[in-house]
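Remarks on the overall topology
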Amino acid sequence: GQSLEQPSEVTAVEGAIVQINCTYQTSGFYGLSWYQQHDGGAPTFLSYNALDGLEETGRFSSFLSRSDSYGYLLLQELQMKDSASYFCAVRTPDQTGANNLFFGTGTRLTVIP
Amino acid sequence: DAGVTQSPTHLIKTRGQQVTLRCSPKSGHDTVSWYQQALGQGPQFIFQYYEEEERQRGNFPDRFSGHQFPNYSSELNVNALLLGDSALYLCASSAGLAGGAEQYFGPGTRLTVT
């Protein structure tokens, strides 16, 4: 089976830094993706880690430790518009060589003034 | 550059009916995946289409079926609707069978089964 765990809710102050953790258990693993979803909107891709280490994209950074089956999303200089749900998703292979995304239940981030 | 489009936006059906949802992938993408997202949950993978064939399937019953057309657009069909099928149905496209790390999602179809 496959499972991902991430906190259900996080609250942070505008301008601050917040880290959203994700631990996973999967039968196969290609990499870890992060998606942002505003209420009523579609998930949008933020980052992808296939190798251990930190990936930085503007205010957002994502980290992966394959040996610990753990990753996190780091959001810096928080803005009110960052209030949304954030999903980690594991990219897993199947016997055909295809791959799909297995999503966690999401972390709802609320940014307060 | 058109992104992923889905139709209809909203749909209300009665238990036992059948429904067809449609998706057009982002320009240049040839792989379409369908997800079901219940309220407050993450998207759950239904199946993936590539070269007009179902390549991978999640843990969904045979009531859920699909199709991909030569222009890469796709349909999701659900038969014998249950109340529990009420959800947001998301279509996502990517380039190539193994290009699933970055998927582009459409706005979704909100299905309500009464």
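Right above here is the structure, for reference.
Report follows, based on the coordinates. As the structure is a computational prediction, the values presented were derived from the model and not from experiment.

1. Quick notes on the pairing of strand E4 (residues 31–37) of chain B
All names here are of chain B.
- Of all 7 residues in E4, 7 are buried; the element is thus mostly enclosed.
- Across the two faces of E4 the burial is the same, with Thr 31, Ser 33, Tyr 35 and Gln 37 and Val 32, Trp 34 and Gln 36 all buried.
- The sheet contact formed by E4 and strand E5 (residues 44–50) spans 6 bridges and is antiparallel. In the strand pairing of E5, Tyr 35 is matched with Phe 45.

2. Comments concerning the sheet that holds strand E1 (residues 5–7) of chain B
Residue and element names in this part refer to chain B.
- Ordered in space as E1-E3-E8-E7, the 4 strands form an open sheet in which the pairing is antiparallel. The strands lining the two open edges of the sheet, one partner per strand, are E1 and strand E7 (64–68). Averaged over neighbouring strand pairs, the angle between their axes works out to 20° when direction is ignored.
- Bridging between E7 and strand E8 (residues 74–78) involves 5 bridges; their strand directions are antiparallel. Bridging across to E8, His 67 finds its partner in Glu 75.

3. Some thoughts on unusual backbone geometry
All names here are of chain B.
- A cis amide bond links Ser 7 with the next residue in sequence, Pro 8, at an omega value of -10°.
- In this fold, Pro 8 is placed in the loop between E1 and strand E2 (10–13).
- Phi is positive for Tyr 72, which is not a glycine, with a value near 80°.
- For Tyr 72, the position within the fold is in the loop between E7 and E8.
- Given the relative accessible area of 40%, Tyr 72 is considered partly exposed.

4. Examining the nonpolar core
- Counting residues in hydrophobic clusters, the biggest one holds 22 residues, and the most contacted among them are Leu 32, Trp 34, Leu 75, Tyr 86 and Leu 109 of chain A.
- Only strand E2 (9–13), strand E3 (18–25), strand E4 (31–37), strand E7 (60–65), strand E8 (70–75), strand E9 (84–93) and strand E11 (107–112) of chain A provide two or more residues apiece to this core.
- If sequence neighbours within four positions are ignored, Tyr 86 of chain A has contacts with Gln 6, Ile 20, Tyr 35, Gln 36, Leu 46, Phe 60, Leu 73, Leu 75, Gly 106, Thr 107 and Leu 109 of chain A.
- Ranked by size, the runner-up nonpolar core spans 20 residues in total, among them Val 19, Tyr 89, Cys 91 and Leu 111 of chain B.

5. Structural notes on the side chain of Ser 65 of chain A
All names here are of chain A.
- In this fold, Ser 65 is placed in strand E7.
- Note on Ser 65: relative accessible area 8%, which makes it buried.
- Beyond its immediate chain neighbours, meaning those up to four positions away, Ser 65 contacts Tyr 24, Asp 52 and Tyr 70.

6. Notes on the sheet that holds E7 of chain A
Residues and elements named next belong to chain A.
- The strand order E1-E3-E8-E7-E6 describes an open sheet built from 5 strands, whose pairing is antiparallel. Both outer strands of the open sheet, strand E1 (3–5) and strand E6 (53–57), are each paired with one neighbouring strand and no more. The mean angle between the axes of side-by-side strands here comes to 20°, regardless of whether they run parallel or antiparallel.
- Looking at chain direction, E7 and E8 are connected through 6 bridges and run antiparallel. Opposite Ser 61, over in E8, you have Leu 74 as the bridge partner.

Scoring rules and cut-offs
Residues numbered from 1 in each chain as written. Chains lettered and ligands numbered in written order. Predicted model: local features only at pLDDT ≥ 70, side-chain atom pairs only at ≥ 80, totals over all residues. Heavy atoms only, no water. Buried < 20%, exposed > 50% of the residue type's maximum accessible area, 1.4 Å probe, protein only. Helix = DSSP H or I, 4+ residues; strand = E, 2+ residues; numbered from the N terminus. Pairing = 2+ DSSP bridges. Axes fitted to C-alpha atoms, helices over the stretch in contact; angles between N-to-C directions. Core = buried A, V, L, I, M, F, W, Y, C linked by side-chain atoms within 4.5 Å. Contact = heavy atoms within 4.5 Å.

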